[in-house]
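Descriptive structure summary
What follows is each chain in one-letter form.
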Amino acid sequence: MDTPISPIEMRRVMLDGFQQHITREISDDELQEYVRVDERGAVAYCYRTHNLFAMWMVQVGLVQFYDDQGNMLQTLDLTVPATKRRAA
């Protein structure tokens, strides 16, 4: 990614993405965050709330949202400006 995203911005992206798939309001403290590390460092961040899961693949700049059955719900491309991001 060319433009780094702050942890606070990333949490907002995740909360907004999850909120599209849950009818009640999600609070920041309901979001669980994990990091996947290999010999190169952080390669992915994983987020969970309720029965939803998301993964941010740092090197490619993509975020994918999944339901509790593993079905992909949405993909965000973080390499484009926020105003031009589209869900797949």
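Below, the structure is looked at part by part. (Residues numbered from 1 in each chain as written. Predicted model: local features only at pLDDT ≥ 70, side-chain atom pairs only at ≥ 80, totals over all residues. Heavy atoms only, no water.)

**What about the pairing of strand β4 (residues 62-66)?**
The buried count for β4 comes to 4 of 5 residues, which makes it a mostly enclosed element. Pairing between strand β3 (residues 52-57) and β4: 5 bridges, direction antiparallel. Bridge pairing in β4 places Met57 opposite Leu62. Counting the residues between successive antiparallel strands, the hairpin from β3 to β4 contains 4 residues, one of them, Gly61, with a positive phi of roughly 70 degrees. (Buried < 20%, exposed > 50% of the residue type's maximum accessible area, 1.4 Å probe, protein only. Helix = DSSP H or I, 4+ residues; strand = E, 2+ residues; numbered from the N terminus. Pairing = 2+ DSSP bridges.)

**Things to note about the nonpolar core**
Counting 18 residues, the largest nonpolar core has Met10, Met14, Phe18, Tyr47, Trp56, Val63 and Phe65 as its most contacted members. Listed by contribution, the elements that provide at least two residues to this core are α1 (7-19), β3 and β4. Ranked by residue count, the leading element in this core is α1, at 5 residues. Counting residues in each nonpolar core, the second largest holds 5 residues, with Ala44, Phe53, Met55 and Tyr66 among its members. (Core = buried A, V, L, I, M, F, W, Y, C linked by side-chain atoms within 4.5 Å.)

**Points about the sheet that holds β3**
Hydrogen bonds between backbone groups are what pair the strands of a sheet, and the pairing can be parallel or antiparallel. The sheet built from 5 strands is open, its strands ordered β1-β2-β3-β4-β5 with antiparallel pairing. In the strand order of this sheet, the two ends are held by β1 (32-38) and β5 (72-77), each with one partner. Within this sheet the neighbouring strands show an average axis-to-axis angle of 20 degrees, counted without direction. In terms of strand pairing, strand β2 (residues 41-49) meets β3 through 6 bridges, oriented antiparallel. (Axes fitted to C-alpha atoms, helices over the stretch in contact; angles between N-to-C directions.)

Spatial relationships are all this shows, so hold off on functional conclusions.
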